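Below are the chains, spelled out letter by letter.
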Amino acid sequence: MFSSRPAVHPVEAPPMTDAAENPQGVRMKDLPGMPGTLGGLLLRIAQFVFAVAALSVMASTSDFTSVTAFCYLVAAVILQSIWSLSLAIVDIYALLVKRCLRNARVLSLFTIGDGITSTLTFAAACASAGITVLIGNDLNICAANHCASFETATAMAFISWFAVSPSFLLNFWSLASR
């Protein structure tokens, strides 16, 4: 009896791909502003410059110590300037040695530090803005105080906070996308 035999048809193998072209677990690219990038370094330098400007303008007045909100602003921008300078140094190192700062522990540290310093800077700037409005508009005693210096220092603190916010958001996003 004639039995049927299965026919064997050659099957093409899938095309070979490079592991470099399609790596396993593709991660998002380094966006400008993330740690270890030139944009991140520029954000850190901006944070530092505006925090130091707020500190120097506020410290140039003789009577900032009489108001608690201004003392809080000075303390917050000191912390912000130290934090931003230290992370700018880390960013410079990462750029020089072409090192990626995408480690989960490093990102956690950057995110927590940016979150704390941005919250403190924003709160201090808001408190100082409230006092400058009270002194200038409500009490009308700007002539006896350094209102222009207080307003300038408050504005610099807000600008420093505006520079911290993208750093915090990018670090948080990168950490959450793991």
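Scroll up a little and you will see the structure.
This is a predicted model, so every value here is computed, not measured.

Student: Sorry if this is basic, but what is going on with helix α3 (residues 104-138) here?
Tutor: One turn of the α-helix equals 3.6 residues, which is why residues spaced by three or four share an orientation. Along its 35 residues, α3 runs 49 Å from first to last C-alpha, staying within 8% of the 51 Å computed at 1.5 Å per residue. Between the side-chain oxygen at the start of α3 and the backbone nitrogen of R105 there is a gap of 3.2 Å, and the oxygen is on N103. Count one or two residues on from α3 and you reach N140, which has phi positive near 55 degrees.

Student: What is the right way to look at the nonpolar core in this model?
Tutor: In globular proteins that are soluble, nonpolar side chains generally tend to be buried together. Ranked by internal contacts, the top residues of the largest apolar core, which has 18 residues, are M58, F64, F70, L73, V77, F150 and A157. Considering every element that reaches this core, the biggest residue donor is helix α2 (residues 68-96), with 6 residues. Not counting the four nearest positions on each side in its chain, A157 is found in contact with A54, L73, V77, T121 and A125. W83, L87, A94 and L101 belong to the second-largest nonpolar core, a separate cluster that totals 5 residues.

Student: I'm lost on the packing of aromatic side chains in this one. Help?
Tutor: Two numbers describe a pair of aromatic rings. These are the distance of the centres and the angle of the planes. Tallying each qualifying case throughout the model produces 5 aromatic pairs. Note on F122 and F158: the rings are 6.1 Å apart at their centroids and 75 degrees apart in plane angle, and the pair reads as edge-to-face. Separated by 36 residues along the polypeptide, F122 in helix α3 and F158 in helix α4 (residues 147-176) bring together distant segments of the chain. Owing to a relative accessible area of 32%, F122 belongs among the partly exposed residues under this scheme.

Student: It is not clear to me how the side chain of S128 should be interpreted in this structure. Could you clarify?
Tutor: As for its position among the elements, S128 is in helix α3. Among the residues examined, S128 registers a relative accessible area of 0% and is labelled buried. If sequence neighbours within four positions are ignored, S128 has contacts with A69, F70, L73 and T154.

Rules behind the numbers
Residues numbered from 1 in each chain as written. Predicted model: local features only at pLDDT ≥ 70, side-chain atom pairs only at ≥ 80, totals over all residues. Heavy atoms only, no water. Helix = DSSP H or I, 4+ residues; strand = E, 2+ residues; numbered from the N terminus. Expected span 1.5 Å × (residues − 1). Polar contact = N/O pair within 3.5 Å; in protein donor to acceptor, adjacent residues only side chain to side chain. Core = buried A, V, L, I, M, F, W, Y, C linked by side-chain atoms within 4.5 Å. Buried < 20%, exposed > 50% of the residue type's maximum accessible area, 1.4 Å probe, protein only. Contact = heavy atoms within 4.5 Å. Phe/Tyr/Trp six-rings, centres within 6.5 Å; stacked < 30°, edge-to-face > 60°.

Treat this as a map of the structure, not an account of what it does.
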